[in-house]
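Read off the chains here:
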Amino acid sequence: MAKANLYVGVDARDGIREVDNLGGSLEKVDKRAEKLNKRFKKFGADIGRVFAVGVTASAGLVAATVKVIDNLDKIGKTADKIGISTDALQKLRFSAEQTGVSANVMDTALQRFGRRVGQAAEGTGVLAKRLDSMGISIRDSNGQLKTTEALVNEFADGVKNAGNQSKRMAMVMDAMDTEAVGVVNTFAKGAEGLKEFGDRADELGLIIRRQLIDQAQEASDRINELTSVMGAQLTVSLATLI
């Protein structure tokens with residue numbers, strides 16, 4: 001009987017120790033949970049204060065500024081991708097919009113035109129034959145490849161002088177694909193028509209100069225870097241709380 005009581009006593013003590021250990025573990029969990037909760041509350045309060053300050057300090061102006069920077073950044077990157085000046089791109093966009101074609105469609109049309117000019121320079125692609133039939137050389141008198149802007153103007157003159165709308169549409173589709181067929185209207189008055197649109201855009205103050213666009217691109221890069229850094233730091237901070 002005494003031996004039985006001893007076993008029971010030992011089992012009881014072991015059980016008490018396990019309960020104590022469990023209680024200690026739970027207490028630690030509770031403390032960590034409480035600590036985590038406090039940090040999240042502080043984080044929420046800090047974000048709330050920043051948000052409130054942002055709203056009262058012309059949040060609309062900040063959003064508008066970021067949007068302008070983003071738009072200018074896209075102009076710079078798109079112009080570089082196409083291989084034309086930012087002035088020329090903006091003027092061609094304006095020409096397109098004045099003739100019922102969106103700026104995005106014009107951007108895509110110019111990218112395809114540039115790519116097919118590259119193919120034509122190697123004697124391949126549908127545009128090589130089309131330009132030849134229009135009497136347009138992709139190289140100047142020195143044998144250098146003409147600029148995209150110069151070729152667009154020559155191509156616009158060719159479209160203008162095509163004779164009928166069906167031929168004009170066929171020309172544009174060969175150079176810029178089916179989705180850009182609306183550009184036929186943009187090129188209807190040839191290079192002179194494009195110049196008139198471009199001059200009008202200048203008069204209206206719609207052309208943003210390259211220097212400002214470069215500054216906007218740099219600002220956009222800094223904003224993207226800051227966003228990435230903040231995201232990484234937030235992830236690390238949250239990870240340490242788990």
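Coordinates for the structure precede this section.
Residues numbered from 1 in each chain as written. Predicted model: local features only at pLDDT ≥ 70, side-chain atom pairs only at ≥ 80, totals over all residues. Heavy atoms only, no water.

1. What about the pattern of salt bridges?
Tallying each qualifying case throughout the model produces 14 salt bridges. Where Asp-70 meets Lys-74, a salt bridge forms, and the shortest distance between an N and an O atom there is 3.3 Å. A residue pair is termed a helical-turn pair when its members lie 3 or 4 positions apart in one helix, as Asp-70 and Lys-74 do in helix α2 (residues 59-82) at four residues. By relative accessible area, Asp-70 is classed as partly exposed at 30%. Overall, the relative accessible area of 46% leaves Lys-74 in the partly exposed class. Measuring nitrogen to oxygen at the nearest pair gives 2.9 Å for the salt bridge that ties Lys-146 to Glu-154. Glu-154 sits in the partly exposed class, given a relative accessible area of 27%. One connected set of salt bridges, linked through shared partners, spans Asp-87, Lys-91, Asp-202 and Arg-209. (Salt bridge = Lys/Arg side-chain N within 4 Å of Asp/Glu carboxyl O. Helix = DSSP H or I, 4+ residues; strand = E, 2+ residues; numbered from the N terminus. Buried < 20%, exposed > 50% of the residue type's maximum accessible area, 1.4 Å probe, protein only.)

2. Focus on the packing of helix α5 (residues 126-133) against helix α7 (residues 165-176)
Running from N to C, α5 and α7 point in directions that differ by 140°, and their axes come no closer than 8 Å. When the interaxial angle is binned, α5 and α7 end up oblique. The interaxial crossing formed by α5 with α7 has left-handed handedness. Along the contact surface, α5 presents Val-126, Leu-127 and Arg-130, while α7 presents Ala-170, Met-171, Asp-174 and Ala-175. (Axes fitted to C-alpha atoms, helices over the stretch in contact; angles between N-to-C directions. Parallel < 35°, antiparallel > 145°, perpendicular 65-115°, else oblique. Left-handed = near helix turned anticlockwise from the far one by under 90°. Contact = heavy atoms within 4.5 Å.)

3. Notes on unusual backbone geometry
One non-glycine residue, Asp-177, adopts positive backbone phi at about 85°. Note on placement: Asp-177 falls in the loop between α7 and α8 (183-186). Asp-177 gets classed as partly exposed once you look at its relative accessible area, which sits at 25%.

In short, the description is geometric, and any link to function would need to be established separately.
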